[in-house]
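Examination of the molecular architecture
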Amino acid sequence: MTPPSSATRTLVSPLALAKRRGKAAYWGVFTGVVLLFAVAFLFPVYWMVTGAMKSPDELVRTPPTLVPDSWHVSGYTDAWDLMRLPTHLWNTVVQASGAWILQIVFCTAAAYALSKLRPVFGKVILGGILATLMVPAQALVVPKYLTVADLPILHISLLNDPMAIWLPAVANAFNLYLLKRFFDQIPRDVLEAAEIDGAGRLRTLWSIVLPMSRPVLGVVSIFALVAVWQDFLWPLMVFSDTSKQPISVALVQLTQNISQTVVIASMVIASIPMVVMFLVFQRHIIAGISAGSTKG
């Protein structure tokens, strides 16, 4: 005999929610909580955007003004010219794009090999890769710097070169593990059917695995791009040439003797690409995050 299913206990009973007063109270609390969180997250963005439009005197006024007395867009135009934002934004795009492409290629290949090809000592290799996640990133700064300053075997310096950003970014244990866990969930029957049809390992990866892995590839892409875009310490160390520095370093290096409104405007402009990228790919990001929570 099947035991009767127990009713789900909630803070407010379904009977109370069925009443008009209960519905009004529920939607009132729900709307209030949503608005509270929206204000908490969006108000700093509003404060930064409007702060760049205030005059220098109004910006430091006490108490501060919620809405600018007069709107000045000159802060953004001055930031674009004085901070040389086109150059530094392009440097950041080049560095982030190269790191993303190399990370997608090599992390995907390594994750596919560890998940589906099952090499000898594969578990030992995966354990060693995951062990690097336990090492603080700051502890690896000096060894990485010595490596790119004098590349082993070739004995060339990668300082002031985008390769100094690309090569260390390839060795991303977290993204590799994320891809492997997703590949583990791909049914073995699908790959065996491809083998019966005559597809080789690379053909199976390109035609079967990668199309099925678009959600997780989107998440890995976001992680890779954001990591390079917001990194400060490593680019500061490897780029002594100011003309080759990314936007994160340039915002700190070039702020001397520049108005605060111009600095704030530079920060707003620097954050626009990441915001736009999230708004465009948010559906893929959410799909990729949820893809790893269920077993395929």
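Coordinates for the structure precede this section.
Conventions adopted
- Residues numbered from 1 in each chain as written.
- Predicted model: local features only at pLDDT ≥ 70, side-chain atom pairs only at ≥ 80, totals over all residues.
- Heavy atoms only, no water.
- Helix = DSSP H or I, 4+ residues; strand = E, 2+ residues; numbered from the N terminus.
- Rg over C-alpha atoms; globule rule 2.2 N^0.38 Å.
- Buried < 20%, exposed > 50% of the residue type's maximum accessible area, 1.4 Å probe, protein only.
- Contact = heavy atoms within 4.5 Å.
- Areas by Shrake-Rupley, 256 points an atom, 1.4 Å probe, with all protein chains shown as cover.
- Lys, Arg positive; Asp, Glu negative; His and termini not counted.
- Charge placed at Lys NZ, Arg CZ, Asp CG, Glu CD.
- Phe/Tyr/Trp six-rings, centres within 6.5 Å; stacked < 30°, edge-to-face > 60°.
- Lys NZ or Arg CZ within 6 Å of the ring centre and 35° of its normal.
- Salt bridge = Lys/Arg side-chain N within 4 Å of Asp/Glu carboxyl O.

What follows deals with the overall build of the protein chain. If you tally the helices and strands in the protein chain, you get 15 helices and 0 strands. Relative to the globule expectation of 19 Å for 296 residues, the C-alpha radius of gyration of the protein chain, 25 Å, shows a markedly less compact shape. Every one of the 296 residues in the protein chain was classed for burial, and the buried ones make up 32%. Considering only residue pairs separated by 6 or more positions, the protein chain has 71% of its internal contacts joining residues 24 or more positions apart. With the model as given, the accessible surface of the protein chain reaches about 18,900 Å², and the carbon-plus-sulfur share is 69%. The average position of the 21 basic charges and that of the 14 acidic charges among the side chains of the protein chain differ by 17 Å.

Another aspect to go through is the packing of aromatic side chains. In total, this model carries 5 aromatic pairs according to the counting rule given. With a centroid separation of 5.6 Å and an interplanar angle of 90°, the aromatic rings of Trp27 and Phe30 are classed as edge-to-face. Note that Trp27 and Phe30 are positioned in helix α2 (residues 20-51) at a spacing of 3 residues, about one turn of the helix. Connected via pairs of aromatic rings, a cluster forms that spans Phe43, Tyr46 and Trp47. Over the aromatic face of Trp47 sits the side chain of Lys54, whose NZ or CZ is 4.2 Å from the ring centroid. Lying over the aromatic face of Trp234, Lys144 brings its terminal NZ or CZ to 4.6 Å of the ring centre.

Quick look at the side chain of Ser115 now. Along the chain, Ser115 turns up in helix α5 (residues 85-117). Of the residues examined, Ser115 reaches a relative accessible area of 1% and is grouped as buried. Those residues in contact with Ser115 that sit more than four places away from it in its chain are Lys180, Phe183 and Asp184.

Let's shift gears to unusual backbone geometry. With an omega dihedral of -5°, the bond running from Thr62 to Pro63 counts as a cis peptide bond. By secondary structure assignment, the location of Pro63 is in the loop between α3 (56-59) and α4 (74-82). In this structure, Arg118 takes a positive phi of about 50° despite not being glycine. Summarising the element assignment, Arg118 is placed in the loop between α5 and α6 (122-131).

Our focus in this paragraph is the pattern of salt bridges. Close approach of charged atoms lets side chains of opposite charge pair. All told, the structure shown has 4 salt bridges when counted by the stated rule. Residue Lys180 pairs with Asp184 through a salt bridge whose shortest N-O separation is 2.8 Å. With Lys180 and Asp184 both in helix α9 (residues 173-184) and 4 residues apart, the pair spans about one turn of that helix. With a relative accessible area of 25%, Asp184 lands in the partly exposed category. If you follow the salt bridges from partner to partner, you end up with Lys180, Arg181 and Asp184 in one network.

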